Amino acid sequence: MDELVSTPLQTQSVLEDPILLVGSIGLLLVVITVWQMVEIVDAYDRAALTVFGEYRELLEPGLNIVPPFVSRLYTFDMRTQTIDVPSQEAITRDNSPVTADAVVYIRVMNAKRAFLEVDDYERAVSNLAQTTLRAVIGDMELDDTLSRRELINERIRTELDEPTDEWGIRVESVEVREVTPSQGVKGAMEEQTSAERRRRAMILEAQGERRSAVEKAEGDKQSNIIRAQGEKQSQILEAQGDAISTVLRARSAESMGERAVIDKGMETLSEIGQGESTTFVLPQELSSLVGRYGKHLSGSDVREDGAELESLEFDEETRELIGLDDIADIIGEIDEQAEMDVEAMEEQARAIKEGGDVGTEIDVSEPSSAADSESTPESK
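Residues numbered from 1 in each chain as written. Predicted model: local features only at pLDDT ≥ 70, side-chain atom pairs only at ≥ 80, totals over all residues. Heavy atoms only, no water.

The name given to the chain in an unreviewed UniProt entry is SPFH domain-containing protein, with Haloarchaeobius amylolyticus as the source organism. Here the chain is described in UniProt, under the heading Subcellular location (unreviewed entry), as follows: "Membrane". Under the Sequence similarities (unreviewed entry) heading, UniProt states for the chain: "Belongs to the band 7/mec-2 family." (UniProt positions renumbered as here; feature names shortened; annotations may be inferred.)

(A) Expanded view of the packing of helix H4 (residues 121-138) against helix H6 (residues 149-166). Contact pair H4 / H6: the axes reach a minimum separation of 10 Å and the direction vectors enclose 135°. Relative to H6, the element H4 is oriented oblique. Seen along the crossing, H4 lies across H6 with a hand that is right-handed. Residue-level inspection shows Val125, Leu128, Ala129, Thr132, Leu133 and Val136 of H4 in contact with H6, the latter providing Ile152, Arg155, Ile156, Glu159, Leu160, Pro163 and Thr164. (Axes fitted to C-alpha atoms, helices over the stretch in contact; angles between N-to-C directions. Helix = DSSP H or I, 4+ residues; strand = E, 2+ residues; numbered from the N terminus. Parallel < 35°, antiparallel > 145°, perpendicular 65-115°, else oblique. Left-handed = near helix turned anticlockwise from the far one by under 90°. Contact = heavy atoms within 4.5 Å.)

(B) Here's a closer look at the nonpolar core. Grouped together as the largest cluster of nonpolar side chains are 34 residues, with contacts concentrated most on Val104, Ile106, Leu133, Ile156 and Ile169. What Ile106 contacts, discounting residues up to four positions off in sequence, is Arg79, Thr80, Gln81, Ile83, Tyr121, Val125, Ile169, Arg170, Val171 and Glu172. Counting residues in each nonpolar core, the second largest holds six residues, with Val41, Ala47, Val51 and Val66 among its members. (Core = buried A, V, L, I, M, F, W, Y, C linked by side-chain atoms within 4.5 Å. Buried < 20%, exposed > 50% of the residue type's maximum accessible area, 1.4 Å probe, protein only.)

(C) Inspection of the sheet that holds strand S3 (residues 54-59) at higher detail. Across the sheet, which stays open at both edges, the three strands sit in the order S3-S2-S5 with antiparallel pairing between neighbours. The sheet is open, and its two edges are formed by S3 and strand S5 (71-77), each paired on a single side. Between one strand axis and the next, the sheet turns through 25° on average, direction left out of account. Alignment of strand S2 (residues 45-51) against S5, held across seven bridges, turns out to be antiparallel. Directly across from Val51, in S5, lies its bridge partner Ser71. (Pairing = 2+ DSSP bridges.)

(D) Spotlight on the environment of Asp101. Within the secondary structure layout, Asp101 lies in strand S7 (residues 97-108). Residues contacting Asp101, with those up to four places away along its chain left out, are Val85, Pro86, Ser87, Leu133, Val176, Arg177 and Glu178.

This is the structure in structure tokens:
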């Protein structure tokens with residue numbers, strides 16, 4: 001209890017002691033002075049020092065000693081800073097109202113000039129960006145403001161470079177975030193877009209129908225060409241067949257005529273042989289025919305023992321008379337011509353399938369061998 005009572009008394013005695021009081025005040029002033037003299041600047045900052053309101057120097061990052069009580073520091077962030085430009089209403093060159101906003105990226109390059117040349121560089125850059133944004137949009141048409149953002153960004157940055165350089169500020173980039181037309185312009189643009197889409201759809205549909213009609217007509221044309229060529233080839237082959245048939249019938253008639261003469265001559269010889277006369281006079285034509293054809297007829301010549309002789313081949317004169325060699329040549333020419341026509345038609349079909357020139361016709365000329373073969377027996 002005594003100790004508790006003595007404590008306030010001791011404190012009062014200390015306060016009443018002048019030396020102890022002055023020492024305490026002096027220590028407190030030293031601490032405050034040291035506190036005022038030491039300034040710490042961050043690594044990403046620069047600080048402008050003024051003494052009695054006069055600019056002295058630019059403090060670097062770290063520990064700095066300044067005059068106490070009369071010094072003042074103005075700190076500047078040296079990193080890239082972002083400034084939002086509020087939405088601005090502007091009218092384009094073609095009288096279309098739009099609303100646009102942007103973002104400006106700046107950096108303090110000279111803290112001394114940023115301190116001495118401009119009051120508040122952030123607010124100054126923001127106001128300058130707003131007016132520049134309205135001016136740039138007002139100098140462009142609506143379609144350009146909506147589609148050429150890079151041009152708007154470049155023009156705003158160029159306009160901001162000159163005044164901000166005097167302030168020690170560098171504009172690194174400008175980005176227009178959005179350009180929004182008015183509601184009426186939006187409605188008109190939507191209607192225009194819908195009409196353009198309908199127009200394109202109609203054009204594509206018309207082009208498709210036209211292409212389909214062209215391809216159909218082209219297919220019909222190719223089909224007609226192939227059908228006409230087939231009919232032409234069929235008529236040529238039919239005509240050649242008729243010519244061969246006519247030649248064969250003529251040859252057969254001629255051969256049958258000579259055979260009939262021979263048969264008649266044989267009957268005459270038989271009747272003469274049954275007569276009583278031993279002397280016979282034969283015409284030269286009959287003896288010539290018997291000599292030419294007797295030994296070539298199967299069973300006409302016999303040996304003394306009664307055995308039949310083998311049939312012999314026709315000699316050159318007989319084959320020429322009957323026209324056997326000409327018939328073989330005619331048939332060979334017809335087969336060769338038919339093969340050539342078939343190959344030509346196959347080539348034409350392949351060309352049509354590959355999209356070649358469908359207008360090229362196969363040149364099939366009627367062979368003249370049939371006509372020559374018809375005239376051969378008559379001349380002979």
